[in-house]
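Below, each chain spelled out in residue letters.
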Amino acid sequence: MTSSATSRHWTSLFSMSPERRSVLIAIGVFLGLLAVVDFISSGPLSYFDISFLSSGGATSAIAAIGQTIVILSGGFDLSAGAVISLVNVVLAQGMDPAAAQTSVLYWTCVGIGVGMLTGAFNGVFIAFFRLQPIVVTLSTMFIIQGLTLLVMDKPGGFVAPDLGTFYLGDAIPGWLPMPLVVIGVVLLAWLWLKNTRFGTAIYAVGSDPDAAAAIGVRVKITKFLVYVIAGGCYGLAGVFISAQTGSADPLVGNPLLLSMFAAVVVGGTRLGGGRGGPLGTVFGAYILMMVVNILLVLNVSAYYSTIAEGTILILAVLAGSISYSSTFARQLRGAQAQFSAWRQGLLPSQLDRTDRRMKMPSLAAGKPAVAASFLSRNSETIRYALPAYLCLIAVIVVTQFWLGRAILNPTYWNSLAVLSTFLAILALGQGTVILTGGLDLSVPWTIGISGILLAGIVNGSDAALIYALPAVLLIACVIGLINGIGIVVLGISPIVMTLAMNGILQGFALVYSQGTPAGFASPMLRWFMTGKLWTVTPVVPFMVLFVVAAVLLLGRTAFGRRVYGIGNGLRAAQLSGIAVGRTLILVYVLSGLCAGLVGVLLTGFSGQASLGMGDDYLLPSIAVVVVGGALITGGRGHYLGMLGGVLLLTALQMFLAGTTLPYATRAILFGLVVLGAVMALREKRA
C-alpha cells in the first residue's frame, strides 16, 4: 500500500506542468536548507532569525522578480544592478538629513519611478528599434553607472531612518516581518497581471513572438511594458537596499546581477522565455542567500559566495534542461553513434578517398575568367568599416584644434598605438565570438585573474616570467575551453555560461589574493609596455604583427571561414560539414587567450595587478566590434573594421582625458556610442 502511494506520488509529480514542478522543487530545497540552518545554529530558529533571513534576501528577490518578467518575454536585462545603484544614490542625495520625518510613500514612488524610466529607455530601443536586448541593456548598464557616479562618486550620503523602520520592521509585531509583506504584495500584483490579456501576451511573446503577432498580440507594446515593469521592480529593490544600508554606494547593485539570474533559473523559469514565474524566483533568491549564510556559519570565507552563485547557476540550468531532446543528451547520442561508426569502419576518414567529383568542362580557349576587382570583392567590408575610420579622422582633427599636439606629434601616435593594444587584442577574441552569434561576459575576470596570477608568480623577476607567462596564458585557454564545453556540450546559453564563469573567476581571484593582490610586474615586461625602442614603445611592433596575424586568421584560414559560416546560420553550417562544436570551442579558447594576454600586458603597463582591473573592458570590447561594422547577431564583420573601432574609441578616450569632463562621462559615452552604432549598422528588416 505504501509502495503504491509512493508510486502515485512520483507519477503525479512528473505529470504536472514543468512550471509547477519547478516551484515545488524550489520550495522543497528551501525547506531543506532551512532545516540545515536550524541544525547548525546554536539554538532553534527564533522569530528574530526568520525576520533577519527575510530582510537579507528581499532585495535580490524583488529585483529577480523583475528579471523573471523580462526573461519570460524572451529577453535579458543586464542593467538591473546598475538601476539599483542609481536609485540608491538618488535617494541618499535627495533626502534631507535635517528633516524630522520623511515620507516613505513619496521616496518609494521616486525609486520606482527612476527604475521605470530606465526600463522605458531599454524598452524603446528593444521593442521599437528592434535591437538585441543584451547589447541595449549592457549599454544602458554603463550609461547608468556613469550617471550614478555623476550623482555620487563615492560611498556616503544619508537615507532617512524612517525608510529602514518601515521596510525592515514588522507588519504584525512578533509574527510577520515587513519584507515578506512587500514581496507578497509584488507577487499578488503579478498574479493579477498574469491573469490579464497582457499577462497572457507576455508568455505568448516569450514562447514565439512571430506566432504571437500572427494571432493579434501587440508584440512591441508588450515588450516595452515588460521592461518598464521590470524597471519598477529594480527601483523598489533600490529603495529596499537603501533602507537596509542607511547610506549610498554607487556600486551597491553590481554584485546582485549574478544572483538575480541564478535565482531566476533556480526558481524554474526557462531562459528563452515562455515558461516560469516569479514565485519560484523568490524561493530561488532565498535559496542562494541561505547557501551563502550556511557557508559563513561553517567559517567559509565570503570570497566563495560568487563561486557558489556561479556554480549554482550552471547546475540549475543543467537540471532544468535535462530531457531526451536536450543538447547534452544529443551530444551523448552523437558520440555513441560516432563510436559505433568508427568500430564498423564507416567514418569518412576510414572510407575510400578516391575522387568521385563530377568533372567540369574547362573554360573555352581565349576566354579567361575575369577576376573581380578589389573594390567589388570587399565592398561590404568597406561599407561597414569605413565609418569608423572617418570618425577616427574627425576625432583626431578635433583633438588637434582643441588640445593641439596631435597630428604632427609622434608621441601622440605612439600613445594611441600603445593604449589601443588592449582593445585590439580583445577585439580578436570577443569579435570572433560575436561573429559566431555569441558573447563572452567572462572577459573582465579572465583579465583580472590572469594579471593577478602573473604578478604573484613573477613578483618582479625576469627569470620567473619565462615560465609564468605560458602558464598564465594556458590557464586563460583552459577558462575559454570550459566556457566552450559548457556552451557546446552542455547546451548552456553563452550569456549564462560566461556570466557564471565571470562570477566563479571573481571568487577564485579573491580567494587567491585574499582581497589584496600581491607581487608586481618584472622589469622586462615593464620595459615592453612603457620603455622606448628608439622613439617607439616595444609593444607597438608586436601589435603590428598581431594585427597581421589576426587578419590572416579570420580572412585566410579554414578556421576563419568556419567562424563566418556558423555566424550566418548554425544549421546550414552543420549541413555543410563544418565541425560546429569543435569550432565554437576553439572560438572561446581564443577569446580566453586574448583576455589572458590583455591581463598580462595590463600588469606590465601599470606595474602591478588589481582587483577589478578588467571591469572597464567588457563594454569597450563589444563596442569596438560593433562600431567596426560587425553584426551583433553574427556572420558579418572584418578585423580591420574592428581595429578601426579600437582606434576610434581610444582616440576619443584620449581626447576626453585631455578635457575637464568628469571620468563618469566615459562610461556614458561608451554606452551611447554602442547604441548609436548598433542602430546605424543593424540589418534592415522588411
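Numbers given for residues are sequential positions, taken from 1 along each chain in its written order. Residue-level local features of this predicted model are given only where pLDDT is at least 70; pairs of side-chain atoms are given and counted only at 80 or more, and the full residue set underlies all totals for whole chains, interfaces and linings. Hydrogens and water are ignored here; the side-chain numbers use all heavy atoms of the structure.

So, the packing of aromatic side chains
Under the convention used in this document: Stacked, tilted and edge-to-face are the three classes assigned to paired rings of Phe, Tyr and Trp, where Trp is represented by its six-membered ring and a pair needs centres within 6.5 Å; plane angles under 30 degrees give stacked, over 60 edge-to-face, the rest tilted. Under the DSSP-based scheme used, a helix requires at least four consecutive residues in state H or I and a strand at least two consecutive residues in state E, with every element numbered from the N terminus. Throughout, exposure labels follow a simple rule: accessible area from a 1.4 Å probe, protein chains only, divided by the maximum for the residue type, with under 20% read as buried, over 50% as exposed, and the rest as partly exposed.
Scanning the model with the defined rule gives 15 aromatic pairs in all. For the ring pair F542 and F546, a centre distance of 6.4 Å and an interplane angle of 40° mean the geometry is tilted. Highlighted residues: F542 and F546, both in helix 23 (residues 539–556), separated by four residues, approximately one helical turn. What makes F546 buried here is its relative accessible area of 14%.

A few points about a nonpolar patch on the surface
Note the cut-off: The residues that make up patches have over 30% relative accessible area and no salt bridge, and they are joined within 9 Å when like-charged or within 5 Å when they are Val, Leu, Ile, Met, Phe, Trp or Tyr. Computed with the Shrake-Rupley method and a 1.4 Å probe, the accessible areas treat only the protein chains shown as cover for residues. The term salt bridge refers to a pairing of a side-chain nitrogen on Lys or Arg with a carboxyl oxygen on Asp or Glu at a separation within 4 Å.
On the surface, I382, L386, L390, I393, V397, F401, I407 and L408 cluster together into a nonpolar patch covering about 820 Å² of accessible area. Structurally, L386 can be placed in helix 17 (residues 379–402). Classification of L386 as partly exposed rests on a relative accessible area of 42%.

Quick word on the confidence of the model for the protein chain
Put simply, the rule reads: Residue-level confidence of the predictor is summarised by pLDDT, bounded by 0 at the bottom and 100 at the top.
In the predicted model, the protein chain carries a mean pLDDT of 86, and the fraction of residues at 70 or more is 90%. Across the protein chain, helix 11 (residues 219–245) holds the top mean pLDDT of 96, while helix 1 (residues 2–15) sits lowest at 52.

Some words on helix 24 (residues 558–568)
Going by this rule: Starting at the helix axis, one direction is taken to each C-beta atom, and the arc is that of these directions. Pairs of residues are marked as contacts when any of their non-hydrogen atoms sit within 4.5 Å.
Here helix 24 has its buried residues at F559, G560, V563, Y564, I566 and G567. Within helix 24, the buried residues cover an arc of 160° as seen down the axis, which keeps them to one side. Away from its buried face by more than 90 degrees, helix 24 exposes R561 and N568. Close packing links the buried residues of helix 24 with helix 18 (410–435), helix 23, helix 25 (570–575) and helix 26 (580–606).

Considering unusual backbone geometry
Residues other than glycine seldom take positive phi values, yet R130 does so here, at roughly 55°. By the element assignment, R130 lies in the loop between helix 5 (104–128) and helix 6 (133–151). Given the relative accessible area of 36%, R130 is considered partly exposed. The backbone of W534 sits at a positive phi, close to 60°, despite the residue not being glycine. Residue placement: W534 occurs in the loop between helix 22 (523–530) and helix 23.

Regarding the side chain of T108
Cut-off, in case you're wondering: In the analysis that follows, any N or O atom pair within 3.5 Å is treated as a polar contact, provided that within protein one partner can donate a hydrogen and the other can accept it, and provided that, for residues neighboring in sequence, both atoms belong to side chains.
Checked against the element boundaries, T108 lands in helix 5. According to the relative accessible area criterion, T108 is buried, its value standing at 9%. At 2.6 Å, the side chain of T108 and the side chain of Y167 are in polar contact. Ignoring sequence-local partners within four residues, the contact set of T108 consists of Y167, L236 and V239.

A word on the packing of helix 17 against helix 28 (residues 639–657)
Threshold: A fitted line through C-alpha atoms serves as each axis, taken over the contacting stretch for helices, and the angle formed by two N-to-C directions is quoted from 0 to 180°. Oblique is the label for any angle not under 35 degrees, not over 145, and not in the 65 to 115 range, which are roughly parallel, roughly antiparallel and roughly perpendicular in turn. Take the far helix as the reference: if the near one is turned anticlockwise from it by less than a right angle, the crossing is left-handed, and if turned clockwise, right-handed. For this scheme, ten residues count as nonpolar: Ala, Val, Leu, Ile, Met, Phe, Trp, Tyr, Cys and Pro. Four count as charged, namely Asp, Glu, Lys and Arg, and the remainder, Gly too, count as polar.
Interhelical geometry of helix 17 versus helix 28 gives an angle of 20° and a closest axis separation of 8 Å. As summarised for this structure, helix 17 and helix 28 are arranged roughly parallel, according to the angle between their axes. In the crossing of helix 17 with helix 28, the sense of the turn from one axis to the other is left-handed. Where helix 17 approaches helix 28, its residues A385, A388, Y389, C391, L392, V395, V398, T399 and W402 are matched on the opposing element by L640, G641, L643, G644, G645, L647, L648, A651, L652 and F655. Across the contact of helix 17 with helix 28, the residue classes break down as 15 nonpolar, four polar and no charged.

Let's talk about the packing of helix 19 (residues 443–458) against helix 21 (residues 494–513)
For any two helices packed against each other, one specifies the inter-axial angle together with the distance between the axes. Running from N to C, helix 19 and helix 21 point in directions that differ by 20°, and their axes come no closer than 8 Å. Regarding the angle of helix 19 to helix 21, the classification is roughly parallel. In the crossing of helix 19 with helix 21, the sense of the turn from one axis to the other is left-handed. Residues V443, P444, W445, T446, I449, I452, L453, G456 and I457 of helix 19 pack against N502, L505, Q506, F508, A509, Y512 and S513 of helix 21.

Concerning the nonpolar core
Here is the rule we go by: Throughout this description, the term nonpolar core refers to a set of buried Ala, Val, Leu, Ile, Met, Phe, Trp, Tyr and Cys residues connected via side-chain atoms within 4.5 Å.
L163, Y167, L313, I447 and Y639 are the most contacted members of the largest nonpolar core, which totals 193 residues. Looking at this core, the element that brings in the most residues is helix 18, giving 13 residues. The next biggest cluster of nonpolar side chains, apart from the first, holds eight residues, and it includes I566, A573, V580 and I585.

As for the environment of A63
Summarising the element assignment, A63 is placed in helix 3 (residues 47–72). Taking C-alpha positions, A63 is 8.6 Å from L256, a pair spaced 193 residues apart along the chain. When near neighbours in sequence (up to four residues on either side) are disregarded, A63 contacts I84, Y234, A237 and M260.

Notes on the state of the cysteines
For clarity, the threshold we go by: Here, two cysteine sulfur atoms that lie within 2.5 Å of each other are counted as a disulfide.
A full pass over the atoms with the stated rule returns zero disulfides. Note on C477: no disulfide assigned, nearest cysteine sulfur contributed by C594 at a separation of 9.0 Å. A relative accessible area of 4% means that C594 is categorised as buried.

A short note on the environment of D77
Structurally, D77 is set in the loop between helix 3 and helix 4 (80–94). The class for D77 is buried, based on a relative accessible area of 1%. What D77 contacts, discounting residues up to four positions off in sequence, is Q67, V70, N122, T137, Y227, Y234, L257 and F261. Within the local environment of D77, its side chain forms a polar contact with the side chain of S79, the two groups lying 2.6 Å apart. Only 3.2 Å separates the side chain of D77 from the side chain of Y234, close enough to count as a polar contact.

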